[in-house]
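Listed here are the chains, written in short residue letters.
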Amino acid sequence: MVGKREVIEKARECGFEDTGFTTAAPFDSQRSLLDQRREEYGWAIRSGLDLIAGTDPQTILPGAKSIIVLVDAYFREAFPPSLERHFGRCYLDDDRMTGTRLGKRVKALRVYLRENGIDSKVPFHLPHRLAAARAGLGTFGKNCLFYSRKVAAGGSWVTPIVLVVDREFEPDEPTLEVGCPDWCRNACIAACPTGALKGPRHLDPRRCISYLTYFGEELTPRELRAPMGLCVYGCDRCQNVCPRNAPWLARELTMNRKAEGMVEDFRLENLLHMDKAYFTAKIWQHMFYMSDAGLWRWKANAARAMGNTLDEKYVSELARAFRENGDERTSAMIAWALGRIGGPAAKQVLEAALPGSSSPVREEILAALEGTPATGEC
Ligand code: SF4
Ligand code: SF4
């Protein structure tokens, strides 16, 4: 009968640098936290991710006895800076849709377990960071992220993957604690541009840029647009400033070839002008939290990032998108971006668009013109 040692060895063979075990007991602390913060997490439940059910492994696999947690580093190789500027690193080599890398490795381990009489399920809605700490694989950061005890030089550039199994394994010693050094004065909380980190280990997901870029239901509120900076999809700021991540950030890594191949397709101009066919062929398999129904938001995200570059080279691209785009939410953001860049060329585009405009684009144009220097002034 396979034991922990054999599973760990097989997991290592499948490319997982660290493996831990915990019981299949319910995650009661997470359940009460979700109960207390229903307002903050209600959107997840409404969108079909039943986080409450995920706190009880029995709802995932009836007869569950243990949870095996695997640690995968998603930031193993370097990413092109032009992509890191706009996209969260965890999406730059994400093959969950194509199943070419991680999916195959998880599958290989599950086949091995199956061959040894162990049934397994890989849920998305189980609290995976909590499971990883309960399995002794690392600690928490005040930024709510999970820090590995040994992968990525102890950094947070990891994804814990959980396998709920029907075989009992001896649980590892939990490490359910915050591992931040005393001398770090909450750099992550201070650096969060949208105030999503309300305190140590308290995140309001509705203000987090990651949420806002792909799950935000409506146009991003005006007061959050400038703080969102250059982010188009995801945000790594609270990880970039963290001293616990500095050792890995200092490593000289070889370039990730897959991500290098994405540079052209993910240029802001191409995202702003893309149609459904382009999105389906080039974007969706890498970043799939929005379907083609969210194309307007992709474009609005690209427009907002362009605006926040303050670079006049984007005015002509925004002007073209203003003419060709059919969604008023995207047009509203384009108007905002033009106002943010400012200058005579941007003002001219806004003035030309004003007569034929209607709400809400009209309000955005007027607000943008208020903040844009008059023609001839710069
Ligand atoms: S990911 Fe960005 S927006 Fe979200 S908590 Fe971290 S710094 Fe704030
Ligand atoms: S920035 Fe400081 S407080 Fe925040 S997670 Fe890192 S070490 Fe902890």
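The preceding data block contains the structure.
In this text, all values refer to a predicted model and were calculated from it rather than measured experimentally.

**Describing unusual backbone geometry**
- Cis geometry marks the peptide bond from S359 to P360, where omega comes out at 0°.
- At N186, a residue that is not glycine, the phi angle is positive and equals roughly 55°.
- By secondary structure assignment, the location of N186 is in the loop between strand 6 (158-165) and helix 8 (187-191).
- Look at N186 and you get partly exposed, because its relative accessible area is 26%.
- Even without glycine at this site, R201 takes up a positive phi of about 55°.
- Residue position: R201 is located in the loop between strand 7 (197-199) and strand 8 (202-203).

**Looking at the nonpolar core**
- Counting 76 residues, the largest nonpolar core has F87, W298 and L318 as its most contacted members.
- Here this core takes eight residues from helix 16 (residues 295-309), the largest share from any one element.
- In this structure, this core is formed jointly by two domains, domain 1 (4-74 + 93-165) and domain 2 (268-378), each of which donates at least three residues.
- In this view, L318 contacts L272, A303, M306, I334, A337, L338 and I341; residues no more than four positions away in its chain are not counted.
- Ranked by size, the runner-up nonpolar core spans 18 residues in total, among them V2, A11, C14 and L113.

**Let's talk about the site of ligand 2**
- Close to ligand 2 lie 13 residues; K142, C180, C184, C188 and C242 are nearest.
- Among the residues forming the shell around ligand 2, the class breakdown is eight nonpolar, three polar and two charged.

**So, the sheet that holds strand 1 (residues 18-23)**
- Read from one edge of the open sheet, four strands run 1-2-6-3, paired in antiparallel fashion. Of all the strands in the sheet, the pair left with one neighbour each is strand 1 and strand 3 (120-121).
- Bridge count between strand 1 and strand 2 (residues 66-73): six bridges; the pairing is antiparallel. Across the sheet, D18 pairs through a bridge with V71, a residue of strand 2.
- Sheet strands touched by helix 6 (residues 102-115): strand 2, strand 3 and strand 6. Its angle to strand 6, the strand with the most contacts, is close to 25°.

**Examining helix 20 (residues 361-370)**
- If you check which residues of helix 20 are buried, you get V361, E364, I365, A368 and L369. Seen end-on, helix 20 carries its buried residues on one side only, within an arc spanning 130°.
- Contacts from the buried residues of helix 20 go to helix 10 (222-225), helix 17 (315-324), helix 18 (328-341) and helix 19 (344-353).

**Some details on the packing of helix 17 against helix 19**
- It is at 10 Å that the axes of helix 17 and helix 19 come closest, and there the two elements cross at 10°. In this view, helix 17 runs roughly parallel relative to helix 19, as classed from their interaxial angle. Only A345, A346, V349, L350 and A353 of helix 19 make contact with helix 17, whose side of the interface consists of V315, A319 and F322.
- Of the residues that constitute the contact of helix 17 with helix 19, the class distribution is eight nonpolar, no polar and no charged.

**Details of the pattern of salt bridges**
- A full pass over the atoms with the stated rule returns 30 salt bridges.
- The residue D72 makes a salt bridge to R101 at a minimum N-O spacing of 3.9 Å. Of this pair, D72 sits in strand 2 while R101 sits in the loop between helix 5 (81-84) and helix 6, and the two are 29 residues apart along the sequence.
- D72 sits in the buried class, given a relative accessible area of 2%.
- One salt bridge in this structure joins R225 and E364, with 3.1 Å as the shortest N-O distance. With a gap of 139 residues between them, R225 in helix 10 and E364 in helix 20 connect regions that are remote in the sequence.
- We classify R225 as buried; its relative accessible area is 3%.
- The structure contains a network of salt bridges with shared partners spanning E17, D72, R76, D93, R101, R105 and K258.

Conventions and cut-offs
Position labels on residues start from 1 in each chain and follow its written sequence. Chains and ligands are labelled by the order in which they are written, letters from A for the one and numbers from 1 for the other. In view of the model being predicted, local features appear only for residues whose pLDDT reaches at least 70, and side-chain atom pairs are presented and counted only at 80 or more, with totals across whole chains, interfaces and linings using the full set of residues. Think of the side-chain values as coming from all heavy atoms in the structure, minus any hydrogens and water. Only DSSP runs of H or I reaching four residues or more are called helices, and only runs of E reaching two or more are called strands; each is numbered from the N terminus. Note on classification: 1.4 Å probe, protein chains only; a residue is buried when its accessible area is under 20% of the maximum for its type, exposed when over 50%, partly exposed between these limits. Definition of nonpolar core: a set of buried residues of the types Ala, Val, Leu, Ile, Met, Phe, Trp, Tyr and Cys, connected through side-chain atoms within 4.5 Å. Segmentation of the chain into domains, including their bounds, is taken from an automatic or database domain assignment. By definition, residues are in contact when any of their heavy atoms lie within 4.5 Å. We call a residue near a molecule or strand whenever a single non-hydrogen atom of that residue lies within 4 Å of it. Residues are sorted three ways: Asp, Glu, Lys and Arg are charged, Ala, Val, Leu, Ile, Met, Phe, Trp, Tyr, Cys and Pro are nonpolar, and all the rest, Gly among them, are polar. Note on pairing: two strands pair once DSSP finds at least 2 bridges between them. Lines fitted to C-alpha atoms define the axes here, with helix axes fitted over just the stretch in contact, and angles between the N-to-C directions of these axes take values from 0 to 180 degrees. The arc in question is traced by the directions running from the helix axis to the C-beta atoms. To sort the angles, those under 35 degrees are grouped as roughly parallel, those over 145 as roughly antiparallel, those from 65 to 115 as roughly perpendicular, and the leftovers as oblique. Should a side-chain nitrogen of Lys or Arg be within 4 Å of a carboxyl oxygen of Asp or Glu, the pair is scored as a salt bridge.

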